[in-house]
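# Coordinate analysis (summary)
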Amino acid sequence: MKDIRDYIKGKYSLALKIKSSCGCGNSAPVPLSGEKASSNRCCSSSAAQDSGEIPSFGCGFPVESAEIIPGSRILDLGSGAGGDLIRASRKTGPAGKVYGIDMTDSMLETARRNIESAGLDNVELLKGYIEEIPLENDRLDLIISNCVINLSPDKGKVLKEAYRVLRPGGRFIVADTVLLKPLPDKLKENLDAWSGCASGALSLKEYQELLEGAGFQDIHFDETHPLMLDAQSSQVLFSGVNQEELELLDMAIASSIIKASKPAPEPMKEGTDYILRNARIEDIPTINQLLGDSMLPLMPKDVNPDSFLLAEKDETLLGMIGYLIEGNSALLRSLAVPWEYRNRGIGHTLIKKVIGKLSENQIHDVYLLTQTARKYMETKGFMEIKREEIPHSLLRDSGLDKACPSSSICMKYIPAKNQE
Ligand SMILES: C[S@@+](CC[C@H](N)C(=O)[O-])C[C@H]1O[C@@H](n2cnc3c(N)ncnc32)[C@H](O)[C@@H]1O
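Residues numbered from 1 in each chain as written. Predicted model: local features only at pLDDT ≥ 70, side-chain atom pairs only at ≥ 80, totals over all residues. Heavy atoms only, no water.

What follows covers the overall build of the protein. When helices and strands are counted, the protein shows 14 helices and 15 strands. Among the 420 residues that make up the protein, the fraction classed as buried is 53%. Counting contacts in the protein only where the partners sit at least 6 residues apart, residues at least 24 apart contribute 76% of the total. Of the roughly 19300 Å² that the protein leaves accessible, carbon and sulfur atoms contribute 51%. (Helix = DSSP H or I, 4+ residues; strand = E, 2+ residues; numbered from the N terminus. Buried < 20%, exposed > 50% of the residue type's maximum accessible area, 1.4 Å probe, protein only. Contact = heavy atoms within 4.5 Å. Areas by Shrake-Rupley, 256 points an atom, 1.4 Å probe, with all protein chains shown as cover.)

Take the environment of Ile258 next. Checked against the element boundaries, Ile258 lands in strand 8 (residues 253-261). In this structure, the C-alpha to C-alpha distance between Ile258 and Gln208, residues 50 residues apart in sequence, is 9.3 Å.

The next point concerns the site of the ligand. Taken together, 22 residues are adjacent to the ligand, and Phe57, Gly78, Asp102, Thr104 and Ile130 come closest. Side-chain polar atom of Glu131 to a nitrogen atom of the ligand: 3.1 Å apart, as the coordinates give it. Against a free-state accessible area of 590 Å², the protein chains account for coverage of 98% of the ligand. Tallied by class, the residues present in the shell around the ligand amount to 10 nonpolar, eight polar and four charged. (Near = heavy atom within 4 Å. Polar contact = N/O pair within 3.5 Å; in protein donor to acceptor, adjacent residues only side chain to side chain. Nonpolar A, V, L, I, M, F, W, Y, C, P; charged D, E, K, R; others polar.)

Glancing now at the sheet that holds strand 9 (residues 275-278). Reading across the sheet, the seven strands line up as 9-10-11-12-13-15-14 and stay open at both edges, with mixed pairing between neighbours. Whereas interior strands pair on both sides, the edge strands pair on one side only; in this sheet they are strand 9 and strand 14 (382-385). Shown here is a sheet whose adjacent strand axes are inclined to one another by a mean of 30°, direction ignored. Note that strand 12 (residues 329-336) and strand 13 (residues 365-370) share four bridges and pair parallel. Each bridged residue has a counterpart across the sheet, and for Ser329 the counterpart in strand 13 is Asp365. Strands strand 10 (308-313), strand 11 (316-326) and strand 12 of the sheet are contacted by helix 11 (residues 284-293), whose axis makes an angle of about 90° with strand 11. The sheet contacts of helix 12 (residues 346-360) involve strand 9, strand 10, strand 11, strand 12, strand 13, strand 14 and strand 15 (409-413), and relative to strand 11 the element is tilted by about 30°. (Pairing = 2+ DSSP bridges. Axes fitted to C-alpha atoms, helices over the stretch in contact; angles between N-to-C directions.)

What follows covers the nonpolar core. With 33 residues, the main nonpolar core has Ile8, Tyr12, Ile68, Ile74, Ala88, Ile115 and Leu142 as its most contacted residues. Secondary structure elements with two or more residues in this core: helix 1 (4-18), helix 3 (62-66), helix 4 (83-92), helix 5 (105-118), strand 3 (123-127), strand 4 (140-146) and strand 5 (166-179). Here this core takes five residues from helix 1, the largest share from any one element. Ignoring any residue separated from it by four or fewer positions in sequence, one finds Ile115 in contact with Leu85, Ile86, Leu120, Val123 and Leu125. Membership of the second largest hydrophobic core comes to 29 residues, among which are Leu75, Leu140, Leu202 and Ala214. (Core = buried A, V, L, I, M, F, W, Y, C linked by side-chain atoms within 4.5 Å.)

Next up on the list: the state of the cysteines. For the structure on display, the rule yields zero disulfides. Left without a disulfide partner, Cys197 is nearest to the cysteine sulfur of Cys147, which lies 3.7 Å away. (Disulfide = S-S within 2.5 Å.)

What follows deals with helix 4. Most of helix 4 is tucked away: eight of the 10 residues are buried. Along helix 4, the residues classified as buried are Gly83, Asp84, Leu85, Ile86, Arg87, Ala88, Ser89 and Thr92. Immediately beyond the C-terminal end of helix 4, within one or two residues, lies Gly93, with a positive phi of roughly 75°.

Here the focus is unusual backbone geometry. Positive phi outside glycine occurs at Asp138, with the angle close to 55°. Relative to the helices and strands, Asp138 is located in the loop between strand 3 and strand 4.

So, about the pattern of salt bridges. Considering all chains together, one arrives at 23 salt bridges under this definition. A salt bridge links Asp192 to Lys11; the shortest N-O distance between them is 3.2 Å. On the criterion of sequence distance, the pair formed by Asp192 in helix 8 (residues 191-195) and Lys11 in helix 1 is long-range, its members being 181 residues apart. For the pair Asp192 and Lys11, a shared accessibility class is recorded, and that class is buried. With its nearest N and O atoms 2.8 Å apart, the salt bridge here joins Arg277 to Glu312. (Salt bridge = Lys/Arg side-chain N within 4 Å of Asp/Glu carboxyl O.)

Before going further, it helps to examine helix 6 (residues 155-165). All buried positions along helix 6 are accounted for by Lys155, Gly156, Val158, Leu159, Glu161, Ala162 and Val165. Considering only its buried residues, helix 6 is in contact with strand 1 (73-77), strand 4, strand 5, helix 8, strand 6 (202-203) and helix 9 (204-214).

A separate point is the packing of helix 4 against helix 5. One way to put it is that helix 4 packs onto helix 5 with a least axis distance of 10 Å and a crossing angle of 35°. Helix-helix and strand crossings are classified by hand; for helix 4 and helix 5 the assignment is right-handed. The segment helix 4 lies against helix 5, with Leu85, Ile86 and Arg90 engaging Asn114, Ile115 and Ala118. Counted by class, the contact of helix 4 with helix 5 contains four nonpolar, one polar and one charged residues. (Left-handed = near helix turned anticlockwise from the far one by under 90°.)

Right, let's talk about the confidence of the model for the protein for a bit. Per-residue pLDDT for the protein has a mean of 85; in total, 87% of the residues score no lower than 70. Counting interchain partners and residues more than four positions distant, the pLDDT-below-50 stretch residues 20-51 has 94 contacts. (pLDDT = per-residue confidence, 0-100.)

Within the secondary structure layout, Ser294 lies in the loop between helix 11 and strand 10. We classify Ser294 as buried; its relative accessible area is 17%.

Right, let's get into the packing of aromatic side chains. Inspection of the entire model under this criterion finds five aromatic pairs. Centroid distance Tyr12 to Phe57: 5.8 Å. Interplanar angle 85°. Geometry classified as edge-to-face. Placement of the pair is Tyr12 in helix 1 and Phe57 in the loop between helix 2 (45-50) and helix 3, with a sequence separation of 45 residues. On the accessibility criterion, Tyr12 (6% relative accessible area) is buried. Ring geometry for Phe382 and Tyr413: centres 5.3 Å apart, planes at 50°, overall tilted. Of this pair, Phe382 sits in strand 14 while Tyr413 sits in strand 15, and the two are 31 residues apart along the sequence. Each of the two residues, Phe382 as well as Tyr413, counts as buried. When the ring centre of Tyr129 is taken as reference, the NZ or CZ atom of Arg5 above it lies at 3.8 Å. Over the ring of Tyr163 we find Lys262; its NZ or CZ atom is 4.6 Å from the centre of that ring. (Phe/Tyr/Trp six-rings, centres within 6.5 Å; stacked < 30°, edge-to-face > 60°. Lys NZ or Arg CZ within 6 Å of the ring centre and 35° of its normal.)

Below you can see the structure in the form of structure tokens.
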């Protein structure tokens, strides 16, 4: 049997040349229950403006819905011409990484050009099928996708693959078309209705079941709005669908933002799962390896390793934090946990230990500078402050006085804020 994906490749190569229609029809969706459809529009002009001339074939805004944390590792399933890759890359920043996978050569080529013109070097394109993602297990923090999963002939497999490559606790946030009412078999078999993101769509119940079957939890469908299709707006992708069939599709197809997550890992316990100890001179190469991988400055040559606390299991470094003391103040630095051990409570324990130790020594003014961990540090009792509030001697001694003020957020520990 011919692979429907070959048909879809041909359709999207052509659609890219014409650049006139998006996957789910380029007319605005009709709001459900009289609500005003706001962000969830097909081929929205704001999406187009955001990424210049990049053609969008999507049906929503997964990047905007995802609240991307800087430093995240992200995969876009069916990345098309690269608009969402570029937006995600800007949000995750240089410490993060964005992969885009697509099966259509011309889409990959267009995305490559767009990424190059945007001057981004944290985006990597993968040629392949979303049913067989060429990435290792537990690799990513976030999976996004925009109007693609409905096109797959094996959506269960796609969702299992998405689950496999997400790390425990990782998030799945995609825009996709969904069916609000069953379609006649005749239309289900129409290849153009399929490649137009219509007849391959799942009902919300089917989507939920496949996500659960893959292992996902916390499943939500947000912003579900019916799409209005018409013959004129569907010239390329719906060319083989007649007027009567288009009317059947009308109000049966909606776009939705589908959110789910991979269950979080068990927290690791200090004492049972790992130990904490001060660093030694011989740890410096391993420490610098972790700092480099985390895009953090390497350990200064003249620093006392004793002021670095390490989390270790069987001689494997699971995390680290450094601190610098100046009078009654301290500056935290170099908090790093390898990606495979994140979200297991190690960073929290390291911060708590250092703050406890400083407090025993009557040091209560604890500061830090961060480019990527502002939200995380807020959960640990830190609050953003003005740069001038950090004693200059601390910044000078740490060498951080030269850190770019516009990209570094300054924070101070407020004990009352720390509930944990
Ligand atoms: C409707 S377009 C969406 C493109 C992009 N996400 C956007 O928002 O503009 C679908 C894209 O998914 C790709 N695609 C469809 N099915 C695929 C599959 N099974 N594996 C990999 N890519 C696929 C197509 O080549 C096309 O680029």
